Amino acid sequence: MGKYIYIDGEFFGRDEAKISVFDHGLLYGDGVFEGIRAYSGNIFKLEEHLERLYGSAKAISLKIKLSVKEMERAVVDTVLKNGLQDAYIRLVVTRGQGDLGLSPDKCKEPTIIIIADKITLYPEEFYNNGLRIITAATRRNIPEALNPRIKSLNYLNNIMAKIEANLADVPEALMLNNEGYVAECTGDNIFIISRKGKVHTPPPYLGTLTGITRSAIIDLCREKGLDVQETPFTLFEVYNAEECFLTGTAAEVIPVVNIDGRIIGRGKPGKITKELILGFRKLTKEVGTRINPKG
Ligand code: PMP
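Residues numbered from 1 in each chain as written. Predicted model: local features only at pLDDT ≥ 70, side-chain atom pairs only at ≥ 80, totals over all residues. Heavy atoms only, no water.

*Asks:* Where do I start with the overall build of the protein chain in this structure?
*Replies:* What the protein chain contains, in helices and strands, is eight helices and 16 strands. For 295 residues, the compact-globule estimate of 2.2 N^0.38 gives 19 Å, and the protein chain sits close to it at 19 Å. Across its three principal axes, the protein chain shows a C-alpha extent of roughly 55 × 50 × 30 Å. A buried classification covers 51% of the 295 residues belonging to the protein chain. Contacts in the protein chain between residues at least 24 apart in sequence constitute 70% of all its contacts with a sequence separation of at least 6. By element, 53% of the accessible surface of the protein chain is carried by carbon and sulfur atoms, the whole surface being about 14,400 Å². Across the protein chain, the centroid of the 39 positively charged side chains sits 3 Å from that of the 38 negatively charged ones. (Helix = DSSP H or I, 4+ residues; strand = E, 2+ residues; numbered from the N terminus. Rg over C-alpha atoms; globule rule 2.2 N^0.38 Å. Buried < 20%, exposed > 50% of the residue type's maximum accessible area, 1.4 Å probe, protein only. Contact = heavy atoms within 4.5 Å. Areas by Shrake-Rupley, 256 points an atom, 1.4 Å probe, with all protein chains shown as cover. Lys, Arg positive; Asp, Glu negative; His and termini not counted. Charge placed at Lys NZ, Arg CZ, Asp CG, Glu CD.)

Here you go:
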């Protein structure tokens, strides 16, 4: 378990790591974050995660005081300090300490928090047998109100859907956008493969996070010569898919075999999905930002 937490350039023990109750990250969910993985001493796609973090911050008018290079160093230092080779890293930037008012004007400095911990994974049987999921009644935030491309601390929309998943005793819930098109799951992107072998994933403009794992899988599919399309689709296409899988930093690539009681394909993880699981695991070993250049 990671022992040291980074807050604004200093390390604190787990019990001493504290922020103000006047921080707008707490009071209003005003801030942005990233979930990042390190594999065997390599931080996977750190550059892409930081690009998304700074992009999310820009979209909410939050000025991060560290440069991207400095932030990269802070992330690497936190993992090093905790002596971890394999880790789940949570990078949070809040609006900072203000008063009880909504306005961010009073928040002088954003708060930067980095937590590096051991990763808790889905059990291996989920990868071997696939997940059963449901479609949530809660629709994904509309981009015109709060764009899901912003990875903000305001996750209530996803949490509402996650509660539906919990009540249905399944690990994930699929969310549709306001128009009924498939958007994404509460913490993962979705892919389907049609009977013709075409790979489909919803375009981010429909209201999805542009997942880093999603992008890596799109590249991997194209390298394999698969036809990947980012075009809107509905539950009809999902129910009639030959294969389905989810992607995310924590879950990596995980097969789905049942949605709303409809069996997907043959009810087992599909051939292409299995290849992508292996392909992605290989990729995590090959690329990344080295934690200790000498190590
Ligand atoms: N969608 C949502 C809503 C998420 O929170 C996440 C990250 N947990 C993802 C998709 C997957 O994104 P990534 O591959 O960058 O982890």
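*Asks:* Explain the state of the cysteines to me, please; I cannot follow it from the model alone.
*Replies:* Here, the word disulfide means a covalent bond between the sulfur atoms of two cysteines. Across all of its chains, the model carries zero disulfides by this definition. Unpaired in this structure, Cys-185 has its nearest cysteine sulfur neighbour in Cys-244, at a distance of 7.5 Å. With a relative accessible area of 0%, Cys-185 lands in the buried category. Residue Cys-244 is classed as buried on the basis of its relative accessible area, which comes to 2%. (Disulfide = S-S within 2.5 Å.)

*Asks:* What should I look at first to understand the packing of aromatic side chains in this one?
*Replies:* Where two aromatic rings form a pair, the distance of their centres and the angle of their planes describe that pair. Evaluated as defined, the whole model comprises six aromatic pairs. Geometrically, the ring pair formed by Tyr-6 and Phe-11 is edge-to-face, given 5.8 Å between the ring centres and 75° between the ring planes. For Tyr-6, a relative accessible area of 8% puts it in the buried group. Seen in terms of ring centroids, Phe-191 and Phe-245 are 4.9 Å apart; in terms of plane orientation they differ by 10°. Their pairing is stacked. Here Phe-191, found in strand 10 (residues 189-193), pairs with Phe-245, found in strand 13 (residues 243-248); they are 54 residues apart in sequence, far enough to count as distant. In this structure an aromatic cluster arises from ring pairing among Tyr-39, Phe-44 and Phe-280. Sitting above the plane of the Tyr-4 ring, Lys-81 keeps its charged end 4.8 Å from the centroid. Sitting over the ring of Tyr-239, Arg-262 keeps its end group 4.2 Å from the ring centre. (Phe/Tyr/Trp six-rings, centres within 6.5 Å; stacked < 30°, edge-to-face > 60°. Lys NZ or Arg CZ within 6 Å of the ring centre and 35° of its normal.)

*Asks:* Just checking my understanding: could you explain helix 3 (residues 68-81) for this structure?
*Replies:* Residue pairs three or four apart in sequence face the same way in an α-helix, which turns once every 3.6 residues. Between the first and last C-alpha of helix 3 there are 20 Å, a value that for 14 residues agrees with the 20 Å anticipated at 1.5 Å per step. When helix 3 is considered as a whole, its buried residues turn out to be Met-71, Glu-72, Ala-74, Val-75, Val-76, Thr-78 and Val-79. Looking one or two places after helix 3, you find Gly-83, whose phi comes out positive at around 60°. (Expected span 1.5 Å × (residues − 1).)

*Asks:* Even after reading the chapter, I still don't get the sheet that holds strand 16 (residues 289-290), so can you show me in this structure?
*Replies:* Strand-to-strand pairing in sheets goes through backbone hydrogen bonds, with the strands running parallel or antiparallel. One open sheet accounts for seven strands, arranged 2-1-6-5-3-4-16; its pairing is antiparallel. The open sheet has two edge strands with one neighbour each: strand 2 (10-13) and strand 16. (Pairing = 2+ DSSP bridges.)

*Asks:* Would you mind going over empty space enclosed by the protein with me for this structure?
*Replies:* If a probe the size of a water molecule is rolled over the atoms, the empty space left behind becomes visible. Enumeration according to the criterion identifies two cavities of 30 Å³ or more in this entry. What the largest cavity holds in volume is close to 80 Å³. Contributing to the lining of the largest cavity are Arg-140, Asn-141, Leu-146, Asn-147, Pro-148, Ile-150, Lys-151, Ser-152, Asn-154, Tyr-155, Asn-158 and Leu-209. The residue inventory of the lining of the largest cavity, partitioned by class, reads five nonpolar, five polar and two charged. The space that makes up the second largest cavity amounts to roughly 50 Å³. In terms of lining residues, the second largest cavity is bounded by Arg-37, Tyr-39, Phe-44, His-49, Ile-212, Thr-213, Gly-248, Thr-249 and Phe-280. Each of domain 1 (4-117) and domain 2 (124-283) accounts for three or more of the residues forming the lining of the second largest cavity. (1 Å grid on protein atoms, 1.4 Å probe; cavity = no way out; pocket = protein on both sides within 12 Å on 5 of 7 lines; lining within 4 Å. Points joined across faces, edges and corners; volume = space filled by probe spheres on them. Nonpolar A, V, L, I, M, F, W, Y, C, P; charged D, E, K, R; others polar. Domains from an automatic or database assignment.)

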